[in-house]
Amino acid sequence: MQRAAKCALRLDLSRAFCPSSVRNCRAVNRVNGSVSCRRYSVLPPSRDEEEKAMLDSMLRVDHAGEYGANCIYAGQMAVLGRTQTGPLIQHMWDQEKIHLERFNEILGEHRVRPTLLLPLWNIAGFALGACTALLGKEGAMACTVAVEESISEHYNSQIRTLMEADPERYTELLQLIKEFRDDEIEHHDTGLEHDAESVPGYLLLKTAIQVGCKAAIYISQRI
C-alpha cells in the first residue's frame, strides 16, 4: 500500500509537468506485488543512425506541419474571430494546439532539432490564413480543406512507412499519428460542410495551396 501510494504521488507530480492533453506519463510493471513508474515515450530507442535519421525527419516535418497549421488558424481568427465563423475556427485551432504541444514535447524529449524554417512558416502560415479569410468564410474553409487534405495524406504516407517497417515496434507512434490524422480529416470534412467549394476559383486556390504545402513538407524534412 505504501509503495502504491508513493507511485501515485510520483504520477501526480509528473502530471504537474505534463499537460493534461498529453498521455505520456504512465505506471507500468507490477512485479512481485510492487509497482514501478516511468515516463512513457512514443518512440523506441533507436537501433542505429539510419533509424534515428528516419524518425527525426518524420518528427521534424510533423512538427513543422502542425506549427504551420497553428499559424494559419491564427491568421483566420485575426480576420474572422468575431464573426459567426469564429467559434468553428477556434475549435479546429484548439485541436491543432494540442497536436503542436505534443510534438514540441516529443522533439524536446528526443533532442530532435526542429526545422530551421519555422520563422518563415510563421509568417507564411499567418499570411495564408489571413488572406484566405479575407475572402470570407468560404475562403477560410477552402484553405482548411486544402491544407488538411495535404497533411492527412502526409500522415497516411508515414503510417504506411511505419507499418511496412515494423508495426509492433512503432505501435505508440502509429497510434499518435493516426489520432492526429483523424483530426485533420475531420477538419477537412468540416471545411467542405461549410461551403469551401463555393468560393470563386476554388480548384485553383486549392491547387495553389497544396503545391505550397508539398514544397513546405519537402523542405522541412531536410532543413
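Treat the numbers as computed from the prediction; the structure is a model and nothing was measured.

Describing the packing of aromatic side chains
A complete count under the given rule lists one aromatic pair for this structure. Judged by centre distance (5.7 Å) and plane angle (70°), the rings of Phe-103 and Phe-180 are edge-to-face. Placement of the pair is Phe-103 in helix α3 (residues 86-109) and Phe-180 in helix α6 (residues 171-193), with a sequence separation of 77 residues. There is no split in this pair, since Phe-103 and Phe-180 are both buried. The ring of Trp-93 has Lys-97 lying over it, and the distance from NZ or CZ to the ring centre is 4.2 Å.

Observations regarding the UniProt feature "binding site: Fe cation 2" (unreviewed entry) in the protein chain
UniProt tags Glu-96, Glu-148, Glu-184 and His-187 as "binding site: Fe cation 2" (unreviewed entry). Across 92 residues in sequence, these annotated residues keep their C-alpha atoms within 10.8 Å of one another, forming a single compact spot. Filtering out sequence-adjacent residues up to four positions away, Glu-148 remains in contact with Tyr-73, Glu-96, Glu-184, His-187 and His-188. Exposure remark for His-187: the relative accessible area of 0% places this residue in the buried category.

Digging into the environment of Glu-172
Locating Glu-172 in the fold gives a position in helix α6. Sequence-wise, Glu-172 and Val-42 are 130 residues apart; in three dimensions their C-alpha atoms are separated by 4.9 Å.

Quick look at the confidence of the model for the protein chain
With 82% of its residues at a pLDDT of 70 or more, the protein chain has an overall mean of 85. In this model residues 1-40 is a low-confidence stretch, pLDDT under 50, and it forms 42 contacts with partners more than four residues away in sequence or in other chains.

Observations regarding the environment of Gly-86
Assignment of secondary structure puts Gly-86 in helix α3. Taking the C-alpha atoms as reference points, Gly-86 and Gln-76, separated by ten residues in sequence, lie 8.5 Å from one another. In contact with Gly-86, not counting residues within four places along its chain, are Met-77, Leu-80 and Gly-81.

What to know about the packing of helix α2 (residues 49-80) against α3
In a packed pair of helices, the relevant descriptors are the angle between the two axes and the axis-to-axis distance. Running from N to C, α2 and α3 point in directions that differ by 155°, and their axes come no closer than 9 Å. Comparing the axis directions of α2 and α3 gives the class roughly antiparallel. Classified by chirality, the crossing of α3 by α2 is left-handed. Grouping the amino acids of the contact of α2 with α3 by side-chain chemistry returns 14 nonpolar, seven polar and four charged.

Describing the pattern of salt bridges
One pass over the structure, following the stated rule, counts seven salt bridges. Where Glu-149 meets Lys-206, a salt bridge forms, and the shortest distance between an N and an O atom there is 3.2 Å. Here the residue Glu-149 occupies a position in helix α5 (residues 137-165), and Lys-206 occupies one in helix α7 (residues 202-222), the gap between them amounting to 57 residues. In this structure Glu-149 comes out as buried when scored by relative accessible area, which is 18%. What makes Lys-206 buried here is its relative accessible area of 17%.

Digging into the side chain of Gln-76
Assignment of secondary structure puts Gln-76 in helix α2. Among the polar contacts listed, one links the side chain of Gln-76 to the backbone oxygen of Ala-140, at a separation of 3.1 Å. Contacts of Gln-76, omitting those with residues within four sequence positions, involve Gly-81, Ile-89, Gly-129, Ala-130, Thr-132, Ala-133, Ala-140, Cys-143 and Thr-144.

Side note on the packing of α5 against α6
Packing of α5 against α6 leaves a shortest axis separation of 8 Å and a crossing angle of 155°. By the angle class used here, α5 and α6 are roughly antiparallel. Regarding α5 and α6, the two cross each other, and that crossing is left-handed. Each residue belonging to the contact of α5 with α6 can be placed in one class, and the counts come to 13 nonpolar, eight polar and five charged.

So, how was this worked out
Residues numbered from 1 in each chain as written. Predicted model: local features only at pLDDT ≥ 70, side-chain atom pairs only at ≥ 80, totals over all residues. Heavy atoms only, no water. Phe/Tyr/Trp six-rings, centres within 6.5 Å; stacked < 30°, edge-to-face > 60°. Helix = DSSP H or I, 4+ residues; strand = E, 2+ residues; numbered from the N terminus. Buried < 20%, exposed > 50% of the residue type's maximum accessible area, 1.4 Å probe, protein only. Lys NZ or Arg CZ within 6 Å of the ring centre and 35° of its normal. UniProt positions renumbered as here; feature names shortened; annotations may be inferred. Contact = heavy atoms within 4.5 Å. pLDDT = per-residue confidence, 0-100. Axes fitted to C-alpha atoms, helices over the stretch in contact; angles between N-to-C directions. Parallel < 35°, antiparallel > 145°, perpendicular 65-115°, else oblique. Left-handed = near helix turned anticlockwise from the far one by under 90°. Nonpolar A, V, L, I, M, F, W, Y, C, P; charged D, E, K, R; others polar. Salt bridge = Lys/Arg side-chain N within 4 Å of Asp/Glu carboxyl O. Polar contact = N/O pair within 3.5 Å; in protein donor to acceptor, adjacent residues only side chain to side chain.

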